[in-house]
Amino acid sequence: AKPEKQEDAVSVAWRSPGVPGEGGEGGVRRASKWSRRLSWSPRPPRNATRKWLPELGGVCGPPSDVEPLPFETLPDARRRARVEEGPRKKKKKNRPKGMRRRLLSTFTLPVGCAPLVRRRTRRDADDDDAPIVGECDLATCLPNLFVVGVSKAGTTTLFEALVAHPRVVAMFSEPFTHGETHVFTDPRSDRESAMRALKRTTPMSRDFLRRAAPGTPWRLDEANDGPLYVLEYTPHYIVLPAVRRRVCGALAIGGVDCGDAKFAFMLRDPARRALSQWIMKTHMRVPRYNDPRSFDEAVAFGMERATNYARCWDVAANETSNLDDLRLEKNRRTVATLAQRCAPKRFEPNLFQAYVLKSAYYYQLLPWLAPLDAPTKSAAVVVLEHFVDDPTEFIRLLAFLGLTPSVFDDIHALVSARHNPARDGGLNTLTPAQKLTLDDFFRPYNRKLDTLVAPLLGRAATGYPT
Ligand SMILES: Nc1ncnc2c1ncn2[C@@H]1O[C@H](COP(=O)(O)OS(=O)(=O)O)[C@@H](OP(=O)(O)O)[C@H]1O
């Protein structure tokens, strides 16, 4: 019989396993040298095992014949051991004595990065006896850039635009999510979050980690073409203020100050965002998650809920409508307390189907912005309408991140690409009466929002009805 044609390691590694019943293989997308290994958004087969997860052979290219370099990972040995080995320290067998000490001696990975590992890629990832088609050294780094929300505000477009930049790399995403990662979503300990984040972070090959300047946290690679940011993208985080604490805890385990991380928030006209979310929740993949209510029913219910929510906040937080006030310790404490006290109690209808409440952006932003010591350094707010109409808006965001826009030939095409449009194909639009009702409802919240975010917007106001 004719032997099967041998495929090279790179093409094997860049082919997604495909989804049974959905056309088999797919998912190969080629872009720049950096984004190629990242924009590939893998969808696991339904019977996926852990072994399916990142197929990494292509990341590093052909195996190097250079001797493995010694490496240093996290700033002190105890922290490093905690991240490396987790809570239970198993005694490692057959490790030559002194090897670890020798490895730690000279090479320094950027702070927040997990150790280099030598990884082998087999032709069949699930078969331990399959031939090896690639071998390389890898390390992973914790995320340092977070797109935190808001859902249905064009965050997928923002995400795609950011990861198109050669110095931004994305983490491996959840299936069926257009790149969302959800690393910190469920309640979990800081350590577990850190481990999960590390596991899911894009692998960094030793070649460019080696060039990273020691002692420059988050500067993942100071060389001209390496990544500076590892991007975590989960738009639902904005309504889960506890996530901020978990993120910062995980970064602390990696030896990183949360103040060095960047948080980006995208907003959209509140009424239009509410409709977009309702459309999504009436076209769910799993039918039982579909919201049976009409938009008007959901809005009437939502306005009542959102009013109560706002009232709960306003009782104590009236003095906190601008960033300077927020910095006062007393106001910080108030915001932290209210974020817990006022959070909707029943999750599903109150958050996943909270079309109106989620558009009252002011209250969701407060707990994310209050703890920031230098809000203009750590947070940027982008309005979808500005982002789409005015390409300089994206350039402003890149400047906030210290990234150069000159790598893009056509920024307009990048920002105006309409990713993740309504699942009904955009058939539903707001009637003038619906738009007016919702605009009137949001006016007081929008006024507070403008005061709060003006310094992070790069302009005086969001432009939403006030
Ligand atoms: N460039 C551009 N111009 C106009 N509209 C745009 C653009 N990019 C994204 N969108 C609209 O944003 C909606 C999707 O938002 P998200 O990607 O944040 O959704 S999600 O939370 O990630 O599911 C979705 O809105 P609807 O179509 O109204 O549902 C997208 O059409």
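Residues numbered from 1 in each chain as written. Predicted model: local features only at pLDDT ≥ 70, side-chain atom pairs only at ≥ 80, totals over all residues. Heavy atoms only, no water.

*Asks:* Is there a simple way to think about the overall build of the protein in this case?
*Replies:* Secondary structure assignment for the protein yields 20 helices and 10 strands. Per-residue burial for the protein yields a buried fraction of 52% across its 466 residues. Restricting to contacts in the protein with at least 6 residues of sequence separation, those with at least 24 account for 75%. Approximately 22100 Å² of the protein is accessible, and the part contributed by carbon and sulfur atoms is 52%. (Helix = DSSP H or I, 4+ residues; strand = E, 2+ residues; numbered from the N terminus. Buried < 20%, exposed > 50% of the residue type's maximum accessible area, 1.4 Å probe, protein only. Contact = heavy atoms within 4.5 Å. Areas by Shrake-Rupley, 256 points an atom, 1.4 Å probe, with all protein chains shown as cover.)

*Asks:* Explain the pattern of salt bridges to me, please; I cannot follow it from the model alone.
*Replies:* Oppositely charged side chains are able to pair whenever their charged atoms sit close together. All told, the structure shown has 11 salt bridges when counted by the stated rule. The residue aspartate 373 makes a salt bridge to arginine 332 at a minimum N-O spacing of 3.2 Å. Here aspartate 373, found in the loop between helix H15 (361–369) and helix H16 (375–378), pairs with arginine 332, found in helix H13 (residues 329–341); they are 41 residues apart in sequence, far enough to count as distant. Among the residues examined, aspartate 373 registers a relative accessible area of 60% and is labelled exposed. Salt bridges sharing common partners tie together Asp390, Glu393, Arg396 and Arg459. (Salt bridge = Lys/Arg side-chain N within 4 Å of Asp/Glu carboxyl O.)

*Asks:* How do you make sense of the state of the cysteines when you look at a structure like this?
*Replies:* As used here, a disulfide is simply a covalent bond connecting the sulfur atoms of two cysteines. Taken as a whole and assessed by the stated rule, the structure comprises 2 disulfides. The partner cysteine of cysteine 312 in its disulfide is cysteine 342, sulfur to sulfur 2.0 Å. Taking the sign of the S-S torsion, -80 degrees for the link of cysteine 312 and cysteine 342, the bridge is left-handed. Within this pair, whereas cysteine 312 is found in helix H11 (residues 295–317), its partner cysteine 342 is found in the loop between H13 and helix H14 (347–352), the two being separated by 30 residues in sequence. (Disulfide = S-S within 2.5 Å.)

*Asks:* How should I be thinking about the nonpolar core in this particular structure?
*Replies:* Nonpolar side chains in soluble globular proteins generally cluster together in the buried interior. Core analysis: the largest hydrophobic core is formed by 79 residues, its most contacted members being Phe265, Trp313, Leu365 and Leu369. Those residues in contact with leucine 369, other than ones at most four positions away along the chain, are Phe265, Leu323, Leu326, Ala379, Leu452 and Leu456. (Core = buried A, V, L, I, M, F, W, Y, C linked by side-chain atoms within 4.5 Å.)

*Asks:* I'm lost on the site of the ligand in this one. Help?
*Replies:* In the region of the ligand, 22 residues are neighbours, and Thr155, Thr156, Thr157, Ser276 and Arg418 sit closest. At 3.0 Å from an oxygen atom of the ligand is found a main-chain nitrogen or oxygen belonging to glycine 154. Residue threonine 155 places a side-chain N or O atom 2.5 Å away from an oxygen atom belonging to the ligand. Calculation on the ligand without its partners gives an accessible area of 640 Å², and the protein chains cover 90% of this total. The set of elements that each furnish at least two residues to the shell around the ligand consists of helix H6 (155–163), helix H10 (270–281) and helix H19 (411–416). (Near = heavy atom within 4 Å. Polar contact = N/O pair within 3.5 Å; in protein donor to acceptor, adjacent residues only side chain to side chain.)

*Asks:* Can you walk me through the packing of aromatic side chains in this structure?
*Replies:* The description of two aromatic rings rests on the distance between their centres and on the angle between their planes. Under the defined criterion, the tally for this structure stands at 13 aromatic pairs. Plain terms: the ring middles of phenylalanine 159 and tyrosine 233 are 4.6 Å apart, the flat faces sit at 20 degrees to each other, and that makes the pair stacked. One end of the pair, phenylalanine 159, is in helix H6; the other, tyrosine 233, is in strand E8 (residues 229–233), with 74 residues separating them in the sequence. Pair check on accessibility: phenylalanine 159 and tyrosine 233 agree, each one buried. Ring geometry for phenylalanine 394 against phenylalanine 408: centres 5.9 Å apart, planes inclined by 40 degrees, an arrangement best described as tilted. One end of the pair, phenylalanine 394, is in helix H18 (residues 392–401); the other, phenylalanine 408, is in the loop between H18 and H19, with 14 residues separating them in the sequence. The exposure classification of phenylalanine 394 matches that of phenylalanine 408, with both residues buried. Among the aromatic residues, ring-to-ring pairing joins Tyr309, Trp313, Tyr362, Tyr363, Phe441, Phe442 and Tyr445 into one connected group. (Phe/Tyr/Trp six-rings, centres within 6.5 Å; stacked < 30°, edge-to-face > 60°.)

*Asks:* When you look at the environment of leucine 403 in this model, what are you seeing that I'm missing?
*Replies:* Among the structural elements, leucine 403 can be located in the loop between H18 and H19. Sequence separation between leucine 403 and histidine 165 is 238 residues, and the spatial gap between their C-alpha atoms is 8.5 Å.

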